[in-house]
Amino acid sequence: MIAGRGRGLPRVIMVLALLWSLAAPALAAAPGPARARAPADDVAEALGPPVTPAGLPWKSGVLGDIGEGPPGRGREGGVKAIGRIEEGVRTIDRVRAIDAEKLTRRLERYLAGRPGLATAMVKDLTTGRVYGYQRRRAVITASTAKVQILMALLLRTPWKKLPKAVRRDAEDMIRYSDNHAADRLWLRIGAAPGFTEAGRKLGLRHTQGVPGTCVDLYCWGITRTSAEDQVRLLKALVSERSPLPAADRGRVLRLMGEVVDGQDWGISAARCRGDRVALKNGWLKRVSTERWAVVSAGLIRGGGHDYAIAVLTEGSAEVGYGIATVEGVAEEIMKAFRRCPK
């Protein structure tokens, strides 16, 4: 009996091996939970749960920035990637890093031969990448203040409850940059105090209405702001955390997307074919200097990304020259964020 058991042990092992060889292919083919595709060697693993960024008009989730770059270079200097959820499978997509130092040198070379000052900021609201050029420097808003006037109005009264005449003023103020309409709405929101209060609710830090008697043309036009604040204002138009309801945010963006021909210059120069642009521009000749302030702020949406862009300038002798400066700055910065498809 003992000898018999010894001879049977190899047979049992052989039978088990045969059964495993038959079952293994079926087990390998069986469906299971989705697994992440392996990223490239120089890309860190995605961190955290998928989060859909506010304002994103598509369904794929975004996991956030990946990797912080080599030591000493900061987040904007290193490799970045975003994770996307596509049909239950997490994939890792590379996104273009922003070399802030190189971009700043390029902008300084471009602006060196142009009079006046410029400040700018671009933020990719989809990935969080950001670049600022003197982004907290105070510059007057000119007619870009009209976007905040409309948002202040809607913080008080939803669009659907506004009288027809007030809605018409709002449309004319944004689409045609009507100054008289802006004057009426400026008073309706409580002038400078109401404007400033709305700015605080919208997260602005450097923007305040000018109280008292105006020195230059329109009180709202000489409001001092920063590129950083203008990007915050734009973000409030697409963020679910905005104090403005979605319907009213959509109304403002719709009007900014319907600016009449001849007033749709500015950041739109940096668009790619097929992009959607919502913007508001401003141009104001200062009485004190007889020089122009030319400003453009808005959103470019395309290629799976939402870009909030603000470029503010002062000191141009001619408005056309200021427009060229704004467009040149916008194009230079956006080249660092993406390349337009051919």
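Scope of this entry: the structure provided in the associated data block. All figures in this text were calculated on a predicted structure; none of them were measured in a lab.

Observations concerning the overall build of the protein chain
Okay, step 1: Along the backbone of the protein chain there are 9 helices and 9 strands.
Okay, step 2: By residue count, 46% of the 342 residues in the protein chain fall in the buried class.
Okay, step 3: Per element, the accessible surface of the protein chain, about 18,000 Å² overall, is 54% carbon and sulfur.

Remarks on the side chain of Asp306
Okay, step 1: Here Asp306 shows up in strand β9 (residues 305-316).
Okay, step 2: Taking the relative accessible area as the measure of exposure, Asp306 reaches 1% and is therefore buried.
Okay, step 3: Side-chain polar atoms of Asp306 contact the side chain of Arg301, separated by 3.0 Å.

Quick notes on the nonpolar core
One recurring pattern in soluble globular proteins: nonpolar side chains tend to sit buried together.
Okay, step 1: Counting 49 residues, the largest nonpolar core has Leu150 and Met151 as the members making the most contacts within it.
Okay, step 2: Mapped by element, the contributors of at least two residues to this core are α3 (145-156), α4 (164-175), α5 (179-188), α6 (191-201), α7 (227-235), α8 (246-256), β8 (292-302) and β9.
Okay, step 3: For this core, the element with the most residues is α3, which contributes 8 residues.
Okay, step 4: With near-sequence residues (within four places) excluded, Met151 lies in contact with Leu202, Leu233, Ala236, Leu237, Leu244 and Val252.

Details of the environment of Gln230
Okay, step 1: Summarising the element assignment, Gln230 is placed in helix α7.
Okay, step 2: Taking the C-alpha atoms as reference points, Gln230 and Leu312, 82 residues apart in sequence, are found 9.6 Å from one another.
Okay, step 3: Apart from residues no more than four positions distant in its own chain, Gln230 is found in contact with Thr144, Thr225, Ala297 and Ala310.

Quick look at the pattern of salt bridges
Okay, step 1: What the rule picks out here adds up to 13 salt bridges.
Okay, step 2: Glu258 is paired through a salt bridge with Arg175; the nearest N and O atoms lie 3.8 Å apart. Placement of the pair is Glu258 in the loop between α8 and β7 (276-285) and Arg175 in helix α4, with a sequence separation of 83 residues.
Okay, step 3: A single network of salt bridges, built from pairs that share partners, joins Arg135, Arg136, Glu228, Asp229 and Arg232.

Focus: the packing of aromatic side chains
Here the distance between the centres and the angle between the planes together describe a pair of aromatic rings.
Okay, step 1: A full pass over the atoms with the stated rule returns 3 aromatic pairs.
Okay, step 2: Ring geometry for Trp186 versus Phe195: centroids 5.3 Å apart, planes at 50°, classification tilted.
Okay, step 3: Owing to a relative accessible area of 0%, Phe195 belongs among the buried residues under this scheme.
Okay, step 4: Centre to centre, the rings of Trp265 and Trp283 are 5.8 Å apart; their planes meet at 65°, and the pair counts as edge-to-face. Taken as a pair, Trp265 in the loop between α8 and β7 and Trp283 in strand β7 lie far apart in primary sequence, 18 residues in all.

The rules behind the values
- Within each chain, residue numbers correspond to sequence positions counted from 1 in written order.
- Given that this is a predicted model, residues contribute local features only at a pLDDT of at least 70 and side-chain atom pairs are listed and counted only at 80 or more, while totals for whole chains, interfaces and linings are drawn from all residues.
- Working from all heavy atoms in the structure, the side-chain values ignore hydrogens and water.
- A run of H or I in DSSP becomes a helix once it reaches four residues, and a run of E becomes a strand once it reaches two; helices and strands are each numbered from the N terminus.
- To sort residues, take the accessible area from a 1.4 Å probe on protein chains only and compare it with the maximum for the residue type: under 20% means buried, over 50% means exposed, and anything in between is partly exposed.
- Exposure was quantified through the Shrake-Rupley algorithm and a 1.4 Å probe, taking into account, for residues, occlusion by the shown protein chains and nothing else.
- Polar contact is defined as a pair of N or O atoms within 3.5 Å, subject to the rule that within protein one atom must be able to donate a hydrogen and the other to accept it, and that residues adjacent in sequence are counted only when both atoms are side-chain atoms.
- Nonpolar cores were defined as sets of buried Ala, Val, Leu, Ile, Met, Phe, Trp, Tyr and Cys residues, with membership established by side-chain atoms within 4.5 Å.
- Contacts: residue pairs with any heavy atoms within 4.5 Å of one another.
- In the sections that follow, a salt bridge refers to a side-chain nitrogen of Lys or Arg positioned within 4 Å of a carboxyl oxygen of Asp or Glu.
- Aromatic rings from Phe, Tyr and Trp, with only the six-membered ring used for Trp, were paired whenever their centres fell within 6.5 Å, and each pair was classed as stacked if the ring planes differed by under 30 degrees, edge-to-face if by over 60, and tilted otherwise.

Taken by themselves, the reported measurements are silent on function.
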